[in-house]
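Fold and contact review
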Amino acid sequence: MGHKGLHSAGVVCGLSLILPLLRSVYGDISYSFPEEMKQGSVIGNIAKDLGLDVGRLSARKARIDTVGKTRRYCDINPSKGDLIVAERIDREALCGKKASCLLKLDLVLENPLELHRISLHIQDINDNSPLFKKDIIKMEIHESTEKGARFSLDEAHDADIGENTVKGYSLQNNGNFVLNIDPKSGGRKFSELVLEKKLDRENQQQINLLLTAEDGGAPQRSGTVEIHVTVLDANDNAPVFSQAAYKASLPENSPLGTTVITVSATDADEGVNGEVTYELDHVLDESRNAFSLNQKTGEVRVNGPIDYEEESSYEIRISAKDGLGLASYSTLIIDITDVNDNTPVIFIQSFTNPIPENVPPGTEVGIINVQDEDSDNNRQVSCFIQQNIPLKLVPSIKNYYSLVTTGQLDRELVSDYNITITATDEGSPPLFSSKSVHLSVADVNDNPPVFEEQSYNAYVTENNKPGSTLCSVSALDPDWRQNGTVIYSILPGEVNGAPVSSYLSVNGDTGLIHAVRSLDYEQFRSFKVHVMARDNGSPPLSSNVTVSVFITDVNDNSPQILYPAPEGHSFMTELVPKAAHGGSLVSKVIAVDADSGQNAWLSYHIVKSTDPGLFTIGLHSGEIRTQRDISESDNMKQNLIVTVKDNGQPSLSATCSMYLLISDNLAEVPELKDMSYDETNSKLTSYLIIALVSVSTFFLTFITVILGVRFCRRRKPRLLFDGAVAIPSAYLPPNYAEVDGTGTLRSTYNYDAYLTTGSRTSDFKFVRSYNDNTLPADQTLRKSPSDFAVAFGDSDSSSEVGHYLYYTHANTKLQ
Ligand SMILES: *[C@@H]1O[C@H](CO)[C@@H](O)[C@H](O)[C@H]1NC(C)=O
Ligand SMILES: *[C@@H]1O[C@H](CO)[C@@H](O)[C@H](O)[C@H]1NC(C)=O
Ligand SMILES: *[C@@H]1O[C@H](CO)[C@@H](O)[C@H](O)[C@H]1NC(C)=O
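The model shown is predicted, which means the values in this text are computed figures rather than measured ones.

Thresholds, definitions, all that
- Residues numbered from 1 in each chain as written.
- Chains lettered and ligands numbered in written order.
- Predicted model: local features only at pLDDT ≥ 70, side-chain atom pairs only at ≥ 80, totals over all residues.
- Heavy atoms only, no water.
- Helix = DSSP H or I, 4+ residues; strand = E, 2+ residues; numbered from the N terminus.
- Contact = heavy atoms within 4.5 Å.
- Areas by Shrake-Rupley, 256 points an atom, 1.4 Å probe, with all protein chains shown as cover.
- Pairing = 2+ DSSP bridges.
- Near = heavy atom within 4 Å.
- Polar contact = N/O pair within 3.5 Å; in protein donor to acceptor, adjacent residues only side chain to side chain.
- Nonpolar A, V, L, I, M, F, W, Y, C, P; charged D, E, K, R; others polar.
- Phe/Tyr/Trp six-rings, centres within 6.5 Å; stacked < 30°, edge-to-face > 60°.
- Lys NZ or Arg CZ within 6 Å of the ring centre and 35° of its normal.
- Axes fitted to C-alpha atoms, helices over the stretch in contact; angles between N-to-C directions.
- Buried < 20%, exposed > 50% of the residue type's maximum accessible area, 1.4 Å probe, protein only.
- Salt bridge = Lys/Arg side-chain N within 4 Å of Asp/Glu carboxyl O.
- Disulfide = S-S within 2.5 Å.
- Core = buried A, V, L, I, M, F, W, Y, C linked by side-chain atoms within 4.5 Å.
- pLDDT = per-residue confidence, 0-100.

**Here we look at the overall build of the protein**
Looking only at helices and strands, the protein has seven helices and 55 strands in total. In the protein, of all internal contacts separated by at least 6 residues, the share reaching a separation of at least 24 is 68%. Within the structure as shown, the protein displays about 42500 Å² of accessible surface, and the carbon and sulfur contribution to it stands at 52%.

Here it is in structure tokens:
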């Protein structure tokens, strides 16, 4: 079927082409026919065209030779005389791009040899498609290439000629390129790509285009090629940070190497152009020291000390650069959060030290300021001091405190305070700090010296050495230094009319009280002085104390015999009635002792007598009595030597002689003169007699009056004076007080008197003495006259003759 078709087509075609040739060429024969005719196809009937006898062709051995070619393209069918295609005739192979393709054949006949030239014009048919050299055209175009740039493309080839060769190109639609056909000379067509829209590698890295080349044949043939355009990168993209600003918060004191944040920037470029390096940009030195930025990773780390108090926030510009230096910027804001890392600091702004103890409560002693460098709660500081002191902190304007006293200070109780001021903030955990200040309390002279005792008693035995120590007083003053230095002095006063300073002195420093002179019990038994203790403050404070000085008796006075006159001076003679019975009172030895107590307790002894059995003497009364009735045989003149002893240790004594005359009549005593005295006393004696008589007269008159009064009162007189012994007052040493019959003491001194137990005799003992001035009025011995009277009354009952003298602080020696 195909065979038949091709054959018929060849014939049709051949006929239409051959006929004009046949007419133009003379002699030789030529045929024109398309290439690629099927083997066996008839090109023409040469026998007929040359006018040869078909029947003879075989006989004449007709054959076809190809001129210049070894291959036999055509053959002759001897039976029909047809020129047929013996082999494939490819115009492109025979003639290439030659516009006309002529194949020359010779028809050779033998018998006779006959040669006919046959020209075969091979006509082109469109049997070749345009063809590109390669299947893929690879191109690399920089994305930065400007619009309008041209890129030549390979030409497509078509083996055919003429219309059948490449006629045009077409490019698949795309966004970037258009095709430009350059009509170059020679009819060849070159195509080029023209960049119509800039490339963007980042958008499309690879562009595949399909280029089609078409020929002009019919049917038309085409060939395609793929153009692979690789868009080459240009550093047209700067790195881009993921955020316009990065914010991070970091606690202060974060350790080195702590990651704060990681910044990142991307660069759409590739390779070096897309390699981003990070950098801290234009930063102050401290920021650079504080943070480091990893060039590659963008990690921001702590690089140095982070102190909120120095820098609470960092604002750092960072840059990201790609390999070729395109940069972009961002801001890194790092807020540092406070950590309670600063202890409060205490400042003592002012401080009054020492502070006088007499400041009123509420006095400001100091001003304290506390500071904390942290912030917010970490900065809130409260401040306090310990509780147990009379001081407190009063909050004042912000963070200032006044240290004020809360009570009265007393240096003598607490002389200094260690004030511990503690400040604590409100952080968590809170931080403390404390400071100690030392406050001294200054002394004020607010304490007078105080004596250790309310009063002092000093006992001194009389006849002390001048300068001897009597006692010591001491007063304490708790104040400081001179405010507490005690100085003693004796306050001026009088003792017995003489300034007290003539008796006593006090050591101003030690308080030792010395006697200035020897003291005499017999002069006065006690006295008081006032000692003042004064401190050295200004003004000074003082206090007084009474020192009572009691002088104790020493047996320094021997008994003094008042009656009779002491031995050797006696001129008095007692008359003893001859009729005196045993036990009659005949006389009395009267003696006194200036001492007191035992030292003045006198006892009487007859140490020698004319007739030892006749008289006795009352041991304590001194009364001389007859021991038996007087008899005629008794010697008229009796002489007694009486010793009076006191009871002191050792005892002192005095002796006297008593002359007794046993007679009823003084005239019977002719030898009176003999018993008398020496002439030297005669004058004194006469004075004495006169005095005695006058005093006795006065005395008797006085007694009579008193007795009369008492008789009227009591009807019965209780005091009887049956003895006529009268003591002349002139005998009495001055200052000896006399007691009248009623016992009233006429003296500035009162004495306590009592009767010795066991003895009903009237012995008086001085047991104690008081100076009027020393005793309060109501403590004065209350011896009313009647008390004495009772005492006398009692003694009266056992004595018939009594004349008592009470001696006060007699000082016969001084007189
Ligand atoms: C105060 O402190 C000082 C020194 O630490 C110490 O010697 C003194 O006794 C203290 N005073 C008081 C009142 O605690
Ligand atoms: C003694 O007290 C006075 C105030 O009475 C004061 O001024 C003075 O400083 C005090 N002396 C001493 C040594 O403390
Ligand atoms: C102590 O006695 C003196 C003198 O009599 C007097 O001036 C002073 O005020 C007295 N002092 C006191 C504390 O009684």
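Having seen it, we continue.
**Some thoughts on the sheet that holds strand β27 (residues 355–356)**
Strand order in the open sheet made by the four strands is β27-β33-β32-β29, with mixed pairing throughout. Two strands bound the open sheet, and with one partner strand each, they are β27 and β29 (381–385). Pairing geometry for β27 and strand β33 (residues 432–442), over two bridges, is parallel. Bridging from a neighbouring strand, Pro356 pairs with Ala442 of β33.

**Observations regarding the pairing of strand β15 (residues 206–215)**
Two strands pair when backbone bridges link them, and strand β12 (residues 166–171) and β15 are joined in this way by five bridges, in the antiparallel orientation. By the bridge assignment for β15, Val166 is matched with Asp215. Taken together, the nine bridges between β15 and strand β16 (residues 222–232) define a ladder with antiparallel strand orientation. Residue pairing for β16: Leu211 is matched across the bridge by Val225. Hairpin connection from β15 to β16: six residues lie between these consecutive antiparallel strands.

**Some thoughts on the site of ligand 3**
Within the structure, ligand 3 sits among Leu491, Ser542, Ser543 and Asn544. With respect to ligand 3, the side chain of Asn544 contributes an N or O atom lying 2.3 Å from an oxygen atom. Protein chains shield 35% of the accessible area of ligand 3, which is 360 Å² for the free molecule. Each residue belonging to the shell around ligand 3 can be placed in one class, and the counts come to one nonpolar, three polar and no charged.

**Re the packing of aromatic side chains**
Counted under the stated rule, the structure contains eleven aromatic pairs. An angle of 75° between the planes, with centres 6.0 Å apart, marks the rings of Phe241 and Tyr246 as edge-to-face. Aromatic pair Phe451 and Tyr488: ring centres 6.4 Å apart, planes at 45°, arrangement tilted. Taken together, the residues span a long stretch of sequence, with Phe451 in strand β34 (residues 450–451) and Tyr488 in strand β38 (residues 486–490) at a distance of 37 residues. Aromatic ring contacts, followed pair by pair, group Phe241, Tyr246 and Tyr278 into a single cluster. Positioned above the aromatic ring of Tyr503, the side-chain terminus of Arg517 is 4.2 Å from the ring centre.

**Some remarks on the sheet that holds strand β50 (residues 615–617)**
The three strands are arranged β47-β51-β50 in an open sheet whose pairing can be described as antiparallel. Only two strands of the sheet have a single neighbouring strand rather than two, namely β47 (585–588) and β50. Here the strands of the sheet are splayed against their neighbours by 25° on average, with no regard to which way each runs. For β47 and strand β51 (residues 623–626), the ladder comprises three bridges, and the chain directions are antiparallel. What sits directly across from Lys588, in β51, is Glu623.

**Overview of the environment of Leu470**
In this fold, Leu470 is placed in strand β36 (residues 469–472). Separated by ten residues in the primary sequence, Leu470 and Val460 place their C-alpha atoms 6.4 Å from one another.

**Looking at the side chain of Asp556**
Tracing the chain through its elements places Asp556 in the loop between β44 (542–552) and β45 (560–563). Under the relative-accessibility criterion, Asp556 is labelled buried at 17%.

**Details of the pairing of strand β35 (residues 455–461)**
Only one face of β35 is covered, namely the face carrying Tyr456, Ala458 and Val460; the face carrying Ser455, Asn457, Tyr459 and Thr461 is uncovered. As judged from the seven bridges shared by β35 and β44, these two strands associate in the parallel manner. Looking at β44, one finds that Thr461 is bridged to Thr552.

**Thoughts on the pattern of salt bridges**
Taken as a whole and judged by the stated rule, the model has 20 salt bridges. Of the charged contacts, one joins Arg201 and Glu202 as a salt bridge, the two residues approaching to 3.2 Å between their closest N and O atoms. Arg201 sits in the buried class, given a relative accessible area of 7%. On the basis of relative accessible area, Glu202 is assigned to the partly exposed category, the value being 25%. Residue Arg411 is joined to Asp443 by a salt bridge in which the shortest nitrogen-to-oxygen separation is 3.1 Å. You can see Arg411 sitting in the loop between β31 (400–405) and β32 (416–425) and its partner Asp443 sitting in the loop between β33 and β34, a full 32 residues away along the chain. Take Arg411 and Asp443: they sit in the same class, and that class is buried. Connected through salt bridges with shared partners, the residues Arg201, Glu202, Asp233 and Glu270 form a single ionic network.

**What to know about the state of the cysteines**
Per the counting criterion, the structure on display carries one disulfide. Here Cys95 pairs with Cys101 through a disulfide, and the sulfurs are 1.5 Å apart. Judged by the sign of its S-S torsion, about 70°, the cystine formed by Cys95 and Cys101 is right-handed. With respect to burial, Cys95 and Cys101 carry one shared label: buried.

**A short note on the nonpolar core**
In terms of nonpolar packing, the biggest core is built from 30 residues, with Phe451, Tyr488, Leu504, Ile513, Phe527, Val531 and Val547 touching the most fellow members. Put simply, the parts of the chain that give this core at least two residues each are β35, β36, β38, β41 (504–506), β42 (512–515), β43 (526–535) and β44. The next biggest cluster of nonpolar side chains, apart from the first, holds 28 residues, and it includes Met37, Ile46, Leu57 and Ala62.

**What about the confidence of the model for the protein?**
With 77% of its residues at a pLDDT of 70 or more, the protein has an overall mean of 78. Per-residue pLDDT stays below 50 along residues 1–26; that stretch engages in 25 contacts with residues further than four places along the chain or on separate chains. Low pLDDT (under 50) marks residues 715–815, which in the prediction has 166 contacts with non-local residues, meaning those over four places away or in another chain.

**Side note on unusual backbone geometry**
With an omega dihedral of 0°, the bond running from Ser428 to Pro429 counts as a cis peptide bond. Mapped onto the fold, Pro429 is located in the loop between β32 and β33. The step from Gln649 to Pro650 runs through a cis peptide bond, and the omega angle for that step is -10°. Even without glycine at this site, Glu36 takes up a positive phi of about 65°. With respect to the helices, strands and loops of the structure, Glu36 is situated in the loop between β1 (29–34) and β2 (42–45). Taking relative accessible area as the criterion, Glu36 reaches 23% and is therefore assigned partly exposed. Non-glycine residue Asn111 carries a positive phi angle of around 55°.

**Observations concerning the environment of Ser651**
Position of Ser651 relative to the elements: it lies in the loop between β52 (637–645) and β53 (653–662). Taking C-alpha positions, Ser651 is 7.3 Å from Asn555, a pair spaced 96 residues apart along the chain. Beyond its immediate stretch of four places on either side in the chain, Ser651 contacts Asn555, Lys645 and Asp646.

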